[in-house]
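Remarks on the overall topology
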Amino acid sequence: MQRLAMLITPDGEWVLPGSSEFLEALGDPHPDYDAEAYAVKNLGFIKLTTIERTIVEIELHPRNVALPALLAVQQQLLSAQLRLFRLKFFDHGWRSEISSSRDHTIERLSELCVPEFTPFLSERYVAEQRNLGEVFDNEDNFFRPLAQKWRVSFGNFDSTIVALALRTNLLPRLAVIGVNARQPEPVFRFIGQGHEWVGQNYHFLGVGQKVADQPDKEYGQWVAQF
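All right, on to the sheet that holds strand S4 (residues 55-60) then. As summarised here, the arrangement of the six strands in space is S2-S1-S3-S4-S5-S6, forming an open sheet in which the pairing is mixed. The sheet is open, and its two edges are formed by strand S2 (14-15) and strand S6 (94-99), each paired on a single side. Here helix H4 (residues 102-112) sits on the sheet in contact with S4, strand S5 (84-90) and S6, set at roughly 10° to S5.

This next bit is on the layout of surface pockets. The volume enclosed by the second largest pocket comes to roughly 310 Å³. Lining of the second largest pocket is provided by 15 residues; of these, Leu 4, Leu 48, Thr 50, Arg 53 and Leu 82 occupy positions nearest its centre. Taken together, the elements giving at least two residues each to the lining of the second largest pocket come down to strand S1 (3-8), strand S3 (46-51) and helix H3 (67-78). For the lining of the second largest pocket, the leading source of residues is S1, giving four residues. Residue composition of the lining of the second largest pocket, by class: nine nonpolar, three polar and three charged.

The next point concerns the packing of aromatic side chains. Inspection of every chain in the model, using the stated rule, returns nine aromatic pairs. On the basis of an interplanar angle of 70° and a centroid distance of 5.6 Å, the ring pair of Tyr 33 and Tyr 38 is categorised as edge-to-face. The exposure class of Tyr 33 is buried, given its relative accessible area of 14%. Taken together, a centroid distance of 5.8 Å and an interplanar angle of 90° make the contact between Phe 142 and Phe 143 edge-to-face. Among the aromatic residues, ring-to-ring pairing joins Tyr 125, Trp 197, Tyr 219 and Trp 222 into one connected group.

Turning to the confidence of the model for the chain, a few remarks are in order. Fine structural detail should not be taken from predicted coordinates in areas where pLDDT scores are low. Mean pLDDT over the chain works out to 87, with 96% of the residues at or above the 70 mark. When the elements of the chain are averaged for pLDDT, helix H5 (residues 133-137) gives the smallest value, 77, and S2 the largest, 96.

This brings us to the nonpolar core. The tendency in soluble globular proteins is for nonpolar side chains to be buried side by side. In this structure, Ile 46, Ile 58, Leu 60 and Leu 109 are the most contacted members of the largest nonpolar core, which totals 21 residues. Put simply, the parts of the chain that give this core at least two residues each are S3, S4, H3, S5 and H4. Beyond its immediate sequence surroundings of up to four residues, Ile 46 is in contact with Met 6, Leu 7, Ile 8, Ile 58, Glu 59, Leu 60, Val 65, Ala 69, Leu 70 and Val 73. Within the second largest apolar cluster, 13 residues are counted, among which are Val 15, Phe 22, Val 40 and Ala 147.

For the rest of this paragraph, the subject is the pattern of salt bridges. Taken as a whole and judged by the stated rule, the model has eight salt bridges. In this structure, Glu 36 engages Lys 47 in a salt bridge whose closest nitrogen and oxygen atoms are separated by 2.8 Å. Linking Glu 36 in helix H2 (residues 35-42) with Lys 47 in strand S3, this pair joins segments that are 11 residues apart in sequence. Judged by relative accessible area, Lys 47 falls into the buried class, the value being 19%. When the shortest N-O distance is used, the salt bridge between Glu 218 and Arg 124 registers 3.0 Å. Remark: Arg 124 occurs in the loop between H4 and H5 and Glu 218 occurs in helix H9 (residues 217-223); sequence separation between them is 94 residues. Through salt bridges with shared partners, one network takes in Glu 97, Arg 108 and Glu 111.

Rules of the game
- Residues numbered from 1 in each chain as written.
- Predicted model: local features only at pLDDT ≥ 70, side-chain atom pairs only at ≥ 80, totals over all residues.
- Heavy atoms only, no water.
- Pairing = 2+ DSSP bridges.
- Helix = DSSP H or I, 4+ residues; strand = E, 2+ residues; numbered from the N terminus.
- Contact = heavy atoms within 4.5 Å.
- Axes fitted to C-alpha atoms, helices over the stretch in contact; angles between N-to-C directions.
- 1 Å grid on protein atoms, 1.4 Å probe; cavity = no way out; pocket = protein on both sides within 12 Å on 5 of 7 lines; lining within 4 Å.
- Points joined across faces, edges and corners; volume = space filled by probe spheres on them.
- Nonpolar A, V, L, I, M, F, W, Y, C, P; charged D, E, K, R; others polar.
- Phe/Tyr/Trp six-rings, centres within 6.5 Å; stacked < 30°, edge-to-face > 60°.
- Buried < 20%, exposed > 50% of the residue type's maximum accessible area, 1.4 Å probe, protein only.
- pLDDT = per-residue confidence, 0-100.
- Core = buried A, V, L, I, M, F, W, Y, C linked by side-chain atoms within 4.5 Å.
- Salt bridge = Lys/Arg side-chain N within 4 Å of Asp/Glu carboxyl O.

What follows is the structure in structure tokens.
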């Protein structure tokens, strides 16, 4: 069975898996993990695989896909002479859909990649997206060990994250917030002693409490939206 795979970077550029262009876009010249899966799930890459020139599989994590990447894959589908289209996308787990319609697949990609939520504007608070590469590229960055752990674990949280934070003196600066799919309101699971803004006793009293109900109610209700 012939398979041809390509990756679309967040900037809309096409690269071959394992190529120097892909590794440059990944920001890691010597990955010791599944770099393709990590790029798709965490960095907004889209993977497009053609099978026997009849089926195309599009793999993506919709929440992380940038508009240039989305437009690049949709443009490719417009000129594709294929009969079956399989979408594989991440939504609390990997899901897949199959369609025989090119137009439907293009429309479905747009539906999946619509931003789920834009936080309300606030006169007191602002949130801006940061480039995680700044942490990886700086060996002296205090948070680099935690970011590296997050990368190799593909964003899955387990008890080893806390153990690492303890070994690297990050535990006081760590806060853990839990979100349950059936009860989506975020809840504090751990608050390190370094978070002095919560007051003296909230490190203990706040565990199990909703993020929206923290001492600064206005900030709590705003940040809980994320």
